[in-house]
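Commentary on secondary and tertiary structure
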There are 2 protein chains.
Amino acid sequence: MSTRRTDGSGTGRRDRRPTIVDVAAEAGVSKSLVSLALRGDDRVGEAARERILTAAERLGYRSNTLARSLVQGRTMILGVLLTDLANPYHTEVVAGVEESADAEGFTVLLAHGQRDRHRLGRQLESLLQLNVDGVVVISSWLEPDALTEAARRAPVVMVGRPTAFSPGVDTVANDDEAGARAAVLHLAELGHERIAHLSGTGRPASRARGEGYRATMRELGLGGRAVVRPIGDDPHQRARAAAELLESARPSAVLAVNDLAALALLDQAHASRVPVPEGLSVVGYDNTALAETVRPRLTSVDQPRLVMGRLAVRLLLERMGGRTGDRHEVLAPRLVVRASTGPASTGPLAAAPDTAAQGRADGSGPQA
Amino acid sequence: MSTRRTDGSGTGRRDRRPTIVDVAAEAGVSKSLVSLALRGDDRVGEAARERILTAAERLGYRSNTLARSLVQGRTMILGVLLTDLANPYHTEVVAGVEESADAEGFTVLLAHGQRDRHRLGRQLESLLQLNVDGVVVISSWLEPDALTEAARRAPVVMVGRPTAFSPGVDTVANDDEAGARAAVLHLAELGHERIAHLSGTGRPASRARGEGYRATMRELGLGGRAVVRPIGDDPHQRARAAAELLESARPSAVLAVNDLAALALLDQAHASRVPVPEGLSVVGYDNTALAETVRPRLTSVDQPRLVMGRLAVRLLLERMGGRTGDRHEVLAPRLVVRASTGPASTGPLAAAPDTAAQGRADGSGPQA
DNA sequence: CTGAAAGCGCTAACAC
DNA sequence: GTGTTAGCGCTTTCAG
């Protein structure tokens, strides 16, 4: 593209977009003075500044960020890497990140992994190549080593991973064990004993939730009744796992690893004509917007997603400011009770949900 | 040559990350040869190439994209600007964009408008500043002028806007009028006459759907019965609009402007104890993943979102290739019938939905 | 085949 | 106060 045509006609349509040099020529000053004036440096005379500004305006000049970033060594861009745009938990954390980043003058750009581990790695690489000033990773799918490696190139904070897996990487998480515990205690208080867990697939956060579930069941003397069924990552697998869990374990209550899983349970219950919460109580995790959308409204363990996003940005800024030690923030989850959980019924309803389903359920359950 | 410290120690931890010059020194060749070798140019000797590659490896060298982009004048990045991460329609188009972009060697970065017009404009500016090679806009919120202006700086394609509002901007859309028509015809065939429309808020796509609805109602001789209620943009407004429409117009069927609006209708119907589809038929638009998640499964007008995303990328590439005329692609929508639509009932159920609701049902309180 | 030199557009020390 | 001079890290002619 070495078309050197100095076509100064009308609106600078295509060709070469105007540079700082063009502005300087137009205003009759030097290149660097333009640079200063444009950024409002106060050691530029009023007259000169005026001329420069109008010249820039007339030429339709826009500064080239790439060039600036190259010389300054920073882009003022924060990258967010996320596994799955379809998971509201992820996108709600993003809102917090964006809020803080905006306030600090950073631009937020998202890279999306499409639930594909390889793609996720490539996207991370892309962000780093772009020389973003920091990366927020909302995904447990990346290998700890890959993160540590990334952290050598730019500040990285991982949201959702509970503990220190990757040296050099800060983390922001909620206390998954405590959250699971609160959920189980809530169900136990309602009189449930056959409390099952529709678990994640072994990544750190879901593992911790599973641990919390198990530990609390033991604590309650219900250790023998604990049932854990892992769930898949796509909607179809979720549906199957939910169906199988309800079918085989016949729980009176289920703690789901997240709201998406809880949704699958509600759907299966509906399909089997098991009324919720009369015949089955369901607790979700994350308290995403979903929880207030589904019917019945979902009892769910809230993670402070906005706060987590904001905190992630703060940690990034601290790193940029020179901090070298790792930090791991753990926030307290909070159980939000809605309509999907209710008292355990002792009648045949709970004991054999399918029987009840056939048998014309008149809401005769214990309606405290 | 101002090489002051040839520190070839272990892992290059922080400090200055290695540049092409460092690699050249390490390999004992010149800077430009390294550049060639690294990109696999075939006019580099086998021996030299080998030395260079290992040197780069040893130093942990990664090329600086910023510098490359600056000199080449392109970034190999495609920007996607979207209004609302929470709307699955948007994110499903993104999947198509990413698929094609990947195949062509482009990286896709997303910028998010947070349902805020100003923010949307700023984000567009950020993408352009970054010198992305093209922008896909999935949002009708931007002013046509802003888009035309943007198109002067980089190829821009707008997804979802039905016609040519912004000169210089290509568009990819579905035929909204045809889609609305198919939906209304479907309902009419089921015997519905009191078919209402829960409409959008006047942006082009929703306006076209409204047009299609009205025209088809007239065509069917039902013009006098047409009822249109606009809906808001956030969940709360949606709920209210849905409630008011059902309450005031008492339709036996509703065409919603999109799946989110349809969801609000289903929720309100449930709250009022109107069974769907027996007491009310609902048709959504977009056929997002939501349609297969809600209960009952939603009849919805499908837009080929993946194809639209792919097409958007193709149009971008064509522009980069030098095309100057605008192109406007219009794809055919397709009605997908599921469980939320059924025959019109002539009984009292449909005639007076609130009677059924008011019937002071059993005391089970916790319904929203 | 290889290497030196000239920038891409901008910023930031440093003289004038 | 204002302008000059070096680069940021990379690609890309153009001589050797």
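Rules used throughout
Residues numbered from 1 in each chain as written. Chains lettered and ligands numbered in written order. Predicted model: local features only at pLDDT ≥ 70, side-chain atom pairs only at ≥ 80, totals over all residues. Heavy atoms only, no water. Helix = DSSP H or I, 4+ residues; strand = E, 2+ residues; numbered from the N terminus. Buried < 20%, exposed > 50% of the residue type's maximum accessible area, 1.4 Å probe, protein only. Contact = heavy atoms within 4.5 Å. Areas by Shrake-Rupley, 256 points an atom, 1.4 Å probe, with all protein chains shown as cover. UniProt positions renumbered as here; feature names shortened; annotations may be inferred. Salt bridge = Lys/Arg side-chain N within 4 Å of Asp/Glu carboxyl O. Nonpolar A, V, L, I, M, F, W, Y, C, P; charged D, E, K, R; others polar. Near = heavy atom within 4 Å. Polar contact = N/O pair within 3.5 Å; in protein donor to acceptor, adjacent residues only side chain to side chain. Core = buried A, V, L, I, M, F, W, Y, C linked by side-chain atoms within 4.5 Å. 1 Å grid on protein atoms, 1.4 Å probe; cavity = no way out; pocket = protein on both sides within 12 Å on 5 of 7 lines; lining within 4 Å. Points joined across faces, edges and corners; volume = space filled by probe spheres on them. Pairing = 2+ DSSP bridges. Axes fitted to C-alpha atoms, helices over the stretch in contact; angles between N-to-C directions. Phe/Tyr/Trp six-rings, centres within 6.5 Å; stacked < 30°, edge-to-face > 60°. Lys NZ or Arg CZ within 6 Å of the ring centre and 35° of its normal. Least-squares fit on C-alpha atoms with pLDDT ≥ 70 in both.

**What about the overall build of chain A?**
Per the secondary structure count, chain A includes 14 helices and 12 strands. The buried share among the 368 residues of chain A stands at 52%. When contacts within chain A are restricted to residue pairs at least 6 apart in sequence, long-range pairs at least 24 apart make up 67% of them. For chain A, the accessible area works out to roughly 16700 Å², and carbon and sulfur atoms hold 50% of it.

**A closer look at the UniProt feature "domain: HTH lacI-type" (unreviewed entry) in chain A**
Within this structure's numbering, the places UniProt gives as "domain: HTH lacI-type" (unreviewed entry) are residues 18-72 of chain A. From the first C-alpha to the last, residues 18-72 of chain A spans 21 Å; its make-up is 69% helix and 0% strand.

**Focus on the interface of chain A and chain B**
With 48 residues of chain A at the interface, the matching set in chain B holds 49 residues. Its salt-bridge partner being R297(A), residue D267(B) comes within 2.6 Å of it at the nearest N-O pair. Residue assignment for the side of chain A that touches chain B shows that the elements contributing at least two residues are α4 (65-72), α5 (88-103), β2 (107-112), α6 (117-129), α7 (144-151) and α11 (259-271) of chain A. Among the elements that line the side of chain A that touches chain B, the one with the most residues is α6(A), at seven residues. Residue classes in the side of chain A that touches chain B are distributed as 17 nonpolar, 16 polar and 15 charged.

**Here we look at the protein's contact with DNA strand C**
Taken together, 23 residues lie near DNA strand C, and I20(A), K31(A), Y61(A), R68(A) and G45(B) sit nearest. Between S32(B) and DNA strand C, the recorded distance is 2.9 Å, taken from a side-chain N or O atom to a base nitrogen. Within the residue set of the surface near DNA strand C, elements represented by two or more residues are α2 (31-38) and α4 of chain A together with α2 (31-38) and α4 (65-72) of chain B. Of the residues forming the surface near DNA strand C, the biggest block, four residues, is contributed by α4(A). A class-by-class count of the residues in the surface near DNA strand C yields nine nonpolar, nine polar and five charged.

**Looking at the nonpolar core**
In this structure, V136(A), V159(A), V172(A), V136(B), V159(B) and V172(B) are the most contacted members of the largest nonpolar core, which totals 48 residues. If we skip the residues at most four places from it in the chain, V172(B) touches V157(B), M158(B), V159(B), G160(B), R161(B), M308(B), L311(B), A312(B), L315(B), E329(B) and L331(B). Listed in part, the 44 residues of the second largest apolar core include I77(A), L142(A), V156(A) and A111(B).

**Thoughts on unusual backbone geometry**
Residue P296(A) is bonded to the preceding R295(A) through a cis peptide linkage, with omega at -10°. Going from V276(B) to P277(B), the amide bond is cis rather than trans, its omega being 10°. Mapped onto the elements of the fold, P277(B) is located in the loop between α11 (259-271) and β9 (281-286). Its identity as a non-glycine residue notwithstanding, R273(A) has a phi of 60°, on the positive side. The residue R273(A) is located in the loop between α11 and β9 (281-286) in this model.

**So, empty space enclosed by the protein**
All names here are of chain B. Under the criterion given, the structure shown has five cavities of 30 Å³ or more. Taken as a whole, the largest cavity spans an internal volume of roughly 560 Å³. For the largest cavity, the lining is made up of 30 residues, of which N87, H90, W141, R203 and N258 are closest to its centre. For the lining of the largest cavity, the secondary-structure elements that each account for two or more residues are α5 (88-103), α9 (204-219) and α11. With three residues, α9 is the single largest residue contributor to the lining of the largest cavity.

**Considerations on the sheet that holds strand β8 (residues 253-256) of chain B**
Residue and element names in this part refer to chain B. One open sheet holds the six strands; their spatial order is β7-β6-β8-β9-β10-β12, and the pairing between them is mixed. Every interior strand has two partners, whereas the edge strands, β7 (227-230) and β12 (334-336), have only one. Within the sheet, the average angular offset between the axes of one strand and its neighbour, ignoring direction, is 20°. Relative to β9, β8 runs parallel, the two being bridged by three bridges.

**Remarks on the packing of aromatic side chains**
Counting across every chain of the model gives zero aromatic pairs over all chains. Above the ring of Y285(A), the side-chain terminus of R209(A) is found at 3.8 Å from the ring centroid.

**Section: the relation of the copies chain A and chain B**
Mapping chain A onto chain B leaves a residual RMSD of 0.1 Å; the transformation is a rotation of 180° accompanied by 0.1 Å of translation along its axis. The two molecules are tied by a two-fold rotation axis, judged by turn and shift. Closest approach to the rotation axis within chain A is made by the C-alpha atom of L110(A), at a distance of 2.4 Å. Comparing interface residues between copies, 96% of those in chain A also lie at the interface in chain B; the contact surface is shared.

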